[in-house]
Amino acid sequence: MSLELRDVTVTLGRGESRTTALRGLDADFAPRALTALVGPSGSGKSTLLAVAGALLRPDSGRVLLSGRDIARLTAAEQARLRRERVGYVFQSGNLLSGLTACEQLLAAASVTGRSPRAVRSRAEELLTEVGLGHRLRHRADQLSGGERQRIAIARALLLEPELLLVDEPTAAVDRDRAAGIVDLLAATTRRHGCVTVVATHDPVVVEAADHVVDMARTQPAAHPRD
Ligand code: ADP
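Think of each chain on its own: its residues are numbered from 1, step by step along the sequence as written. Residues qualify for local features only when their pLDDT is at least 70, as the model is predicted, and side-chain atom pairs are given and counted only at 80 or more; totals for whole chains, interfaces and linings, by contrast, use all residues. The side-chain quantities take in all heavy atoms of the structure and omit both hydrogens and water.

Take the pairing of strand 7 (residues 163-167) next. For every residue, the accessible area obtained with a 1.4 Å probe (protein chains only) is divided by the maximum for its type, and the residue is called buried under 20%, exposed over 50%, and partly exposed between those limits. A run of H or I in DSSP becomes a helix once it reaches four residues, and a run of E becomes a strand once it reaches two; helices and strands are each numbered from the N terminus. Counted residue by residue, strand 7 has 5 buried out of 5 residues, so it is predominantly covered. In strand 7, alternate side chains face the same way, and those of Leu163, Leu165 and Asp167 on one face and Leu164 and Val166 on the other are all buried. Between the parallel elements strand 7 and strand 8 (residues 195-199), the chain passes through helix 6 (residues 175-192) in a crossover that is right-handed. Looking down the strands as they point away from you, a crossover is right-handed if its path from the first strand over the helix to the second goes clockwise.

As structure tokens, then:
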């Protein structure tokens with residue numbers, strides 16, 4: 001698995017709020033490596049993650065996953081790709097509020113056809129690795145924002161995606177916890193050989209990353225009219 005973006009342009013919004021979120025962006029993300037995606041707020045990091053994960057079609061350009069342009073797949077093919085090969089961790093965590101931490105992982109596994117019984121011990125192990133071993137039976141709505149996001153990380157890792165996209169995983173946690181999360185992402189990346197892209201402002205993540213992609217260097221300078 002490799003990920004390359006070629007001359008990717010994305011515009012978002014309509015009318016007065018219309019914004020060029022990505023402008024002719026070129027970027028490469030290496031296999032078996034954790035890449036930190038850096039750049040100021042509003043520079044298009046979240047948009048890049050959405051395009052890379054086939055959640056958003058670019059206006060133009062190519063999004064090459066192992067050489068295949070996923071921007072040109074049908075909606076059904078994109079849905080399958082997202083289900084089978086891509087793991088996302090959004091800032092919000094995107095959890096199901098009525099389920100416990102452990103159930104969040106088991107539910108995700110069952111959607112992809114894995115038996116909850118077969119994955120339970122691995123789910124508990126991953127939750128322990130992200131520091132939630134004492135919260136396995138808490139419901140998502142009884143947990144903090146940082147804890148919910150750590151559940152989302154464990155959930156993504158359980159499914160062993162080929163492409164792992166993570167938005168600001170350490171924004172809501174302290175420095176020690178941040179180091180633990182990055183170590184886990186880096187170790188998983190090496191073990192499974194996935195492409196991992198982490199949008200971040202956090203120097204702890206940048207230091208631990210194998211590569212850094214800076215949004216400011218991936219796009220031609222903005223035209224004054226934009
Ligand atoms: P980052 O993740 O680096 O903070 P984003 O990808 O969220 O950046 O946003 C890139 C640009 O697109 C920003 O200028 C943002 O204001 C704009 N943007 C994001 N979502 C929308 C939207 N739905 N409509 C219009 N503009 C948007």
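After presenting the structure, the write-up continues.
Turning our eyes to something else, we now look at the nonpolar core. Of all hydrophobic cores here, the largest spans 39 residues; its most connected members are Leu105, Leu127, Ile151, Ile153, Leu157, Leu158 and Leu185. Top contributing element to this core by residue count: helix 5 (residues 145-158), with 7 residues. To qualify as a nonpolar core, a set must consist of buried Ala, Val, Leu, Ile, Met, Phe, Trp, Tyr and Cys residues joined through side-chain atoms within 4.5 Å. If you look at the next biggest cluster of nonpolar residues, it comprises 29 residues, including Leu25, Phe29, Ala52 and Leu65.

The next subject is helix 6. For a helix, the expected span equals 1.5 Å multiplied by the number of residues minus one. Across its 18 residues, helix 6 extends 26 Å between first and last C-alpha, which sits within 8% of the 26 Å expected from 1.5 Å per residue. Taken residue by residue, helix 6 has Ala178, Ile181, Val182, Leu184, Leu185, Ala186, Thr188 and Thr189 as its buried positions. Only heavy atoms matter for contacts: two residues are in contact if any of them lie within 4.5 Å across the pair. Tucked inside the fold, the buried residues of helix 6 contact strand 3 (33-38), helix 4 (116-129), helix 5, strand 7, strand 8 and helix 7 (203-208). Trailing helix 6 by a residue or two, Gly193 shows a phi angle of about 70°, which is positive.

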